[in-house]
Each structure stands twice: as C-alpha cells, then as structure tokens.
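Survey of secondary and tertiary structure
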Amino acid sequence: MKFFIDTANLQHIREAQDLGILDGVTTNPSLMAKEGITGHDNILKHYQAICEIADGDVSAEVISTDFEGMVREGEALAALHENIVVKIPMIKDGIKALKHFSSKGIKTNCTLIFNAGQALMAAKAGATYVSPFIGRLDDISFDGMDLIAQIVHIYQNYGIKTQVLAASVRNNLHIVKCAEAGADVITAPLSAITGLLKHPLTDIGLAQFLADHAKGNS
Ligand code: E4P
C-alpha cells in the first residue's frame, strides 16, 4: 500500500519524505488556504515547491466546474511538473475531463467519492486514482471503511486498473483498516502516519533496555 501525505504544509511533507516512506502528496483548495497560499501564481509556485520536496505523484486540484475550465486548468497544472496528477471533482463535467486527460496520458485523481457508483463511473472514464472520503462518511454515521472494501471488491471483479486512494483518513487505525481492505493508497495527515509508530509497550520496553544497558556499563 502506498503512503501519500494529505497536506500543503511543506514542513510536514519534508518530514514524511525524510522518513523515507513517502510515495506522494495530495492537496485540496482547503489545505492550500490553511497554509495561507492564495492567488493563482502563488498556488502554482507552491505545487512546484511540493514537487521539488516529494518523490511520487502530487495531486493538484482544479477549481473550475465546467469541462473547458477543468481542461484548461488541468493542462496548466500537468505542465508544471511530471509528477502532477490532476485532481478532478466527481461531477458530470468531471467525468468528461477524466476521459479527456486519460486519452492524453495525463494522470488524474477523481475526488469527493462517497459511493461505489461514483467510483465505477470514474474508473470507466479512465481515472488513475479515485478518492473515497472515509472520515467525512464516518462524520455522518456511515462506515467509510465499508466503502473502501466495496470499491476494492468491485474493481477486483473486473480487473479495473484505477487505484483506490483512501482519503479523509483521520487516524492510524483508519490506515491499518485500509490495508486490511486492500486499498492501493492511503492519504493522511502527518499525525496519522506517525501515529502508526506508537505503542506504549515499545516506549516502556526501550526505556528498560536502555536502563539495563546503562547499569551493565556503569
Ligand atoms: C483528499 O484528497 C482530501 O484532500 C482529504 O483527504 C480530505 O480530508 P478531510 O475530510 O479530513 O478534509
């Protein structure tokens, strides 16, 4: 399973990259705004900065909601760096845009997926990735993890190549459950990724080992 970081924070991206486990980055307009990145030119520069730090695919989201706008924006984003993946919302014109980019060999990530039918449509249109949002489904009392398992199952039925990129991952348990369900990729904030490292018995065990070593060598 690939690990993407879900942030526009360059320090967090650097930290995950330095850990040596990072396979890519996802962003969205809210994450860009959270970092205070506004204005067309600044946003493009920020994507370039992200691509210079991280290895692997970097999802950059279009703002347009009409086909022509998405194509115009997506082509400009894709021209920024070879690792850019054009992130397209799951709407009718988005399906047309996915088809357009897939026929041109430009990678895409279809975002805001909340049911299996949407995931099937995005795959039919040739999306490289689909992003089902786990946490936001959990927030409204639907089990987001069930959706991941359902999409993985459907894609396996037909040998569909579109990768299931589990998004809106909020904690380390989500990541483990995604691995159980067979997600191809998870995208998560740094805290959820580093949360995987933690266990109290590891801390207690290490403290004991170091204390015993110190006793024997004093
Ligand atoms: C997906 O690519 C989105 O950027 C993201 O995972 C949304 O997460 P949130 O629901 O925590 O905002």
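Refer to the structure presented above.
Residues numbered from 1 in each chain as written. Predicted model: local features only at pLDDT ≥ 70, side-chain atom pairs only at ≥ 80, totals over all residues. Heavy atoms only, no water.

Details of a nonpolar patch on the surface
Test applied: Residues form patches when they are more than 30% accessible in relative terms and have no salt bridge. Like charges link within 9 Å. Nonpolar side chains (Val, Leu, Ile, Met, Phe, Trp, Tyr) link within 5 Å. Here the open area of atoms and residues is found with the Shrake-Rupley method and a 1.4 Å probe, where only the protein chains shown may cover a residue. Only one rule defines a salt bridge in this text: a Lys or Arg side-chain nitrogen within 4 Å of an Asp or Glu carboxyl oxygen. Runs of E in the DSSP output that reach at least two residues are strands. Runs of H or I that reach at least four are helices, and both are numbered from the N terminus.
On the surface, Leu 173, Val 176 and Leu 196 cluster together into a nonpolar patch covering about 240 Å² of accessible area. Here Leu 196 lies in the loop between α10 (190-195) and α11 (200-216).

Regarding the sheet that holds strand β7 (residues 163-166)
What counts is decided by this rule: Any two strands between which DSSP finds at least two bridges are classified as paired. Every angle, taken between N-to-C directions, lies between 0 and 180 degrees, and every axis is a line fitted to C-alpha atoms, over only the stretch in contact when it is a helix. Note on definitions: a residue-residue contact is assigned when non-hydrogen atoms from the two residues lie within 4.5 Å.
The sheet built from eight strands closes into a barrel, its strands ordered β1-β2-β3-β4-β5-β6-β7-β8 with parallel pairing. Ignoring strand direction, the axes of neighbouring strands in this sheet form an average angle of 30°. Direction of pairing for strand β5 (residues 108-113) relative to strand β6 (residues 129-132): parallel, over a ladder of three bridges. Counterpart to Cys 110 in the pairing with β6 is Val 130. Its contacts with the sheet place helix α5 (residues 92-103) against β4 (84-89) and β5, and it is angled at close to 155° to β4. Of the strands in this sheet, β5 and β6 are in contact with helix α6 (residues 116-124), which crosses β5 at around 165°.

Structural notes on the packing of α6 against helix α8 (residues 144-158)
For clarity, the cut-off: For classification purposes, an angle smaller than 35 degrees is called roughly parallel, one larger than 145 roughly antiparallel, one from 65 to 115 roughly perpendicular, and anything else oblique. A clockwise turn of the near helix away from the far one marks a right-handed crossing, whereas an anticlockwise turn of less than a right angle marks a left-handed crossing.
Contact pair α6 / α8: the axes reach a minimum separation of 10 Å and the direction vectors enclose 40°. What the angle tells us is that α6 and α8 run oblique. In this structure, the crossing between α6 and α8 has a hand that is right-handed. In contact with Ala 116, Ala 119, Leu 120 and Ala 123 of α6, α8 contributes Leu 147, Gln 150, Ile 151, Ile 154 and Tyr 155.

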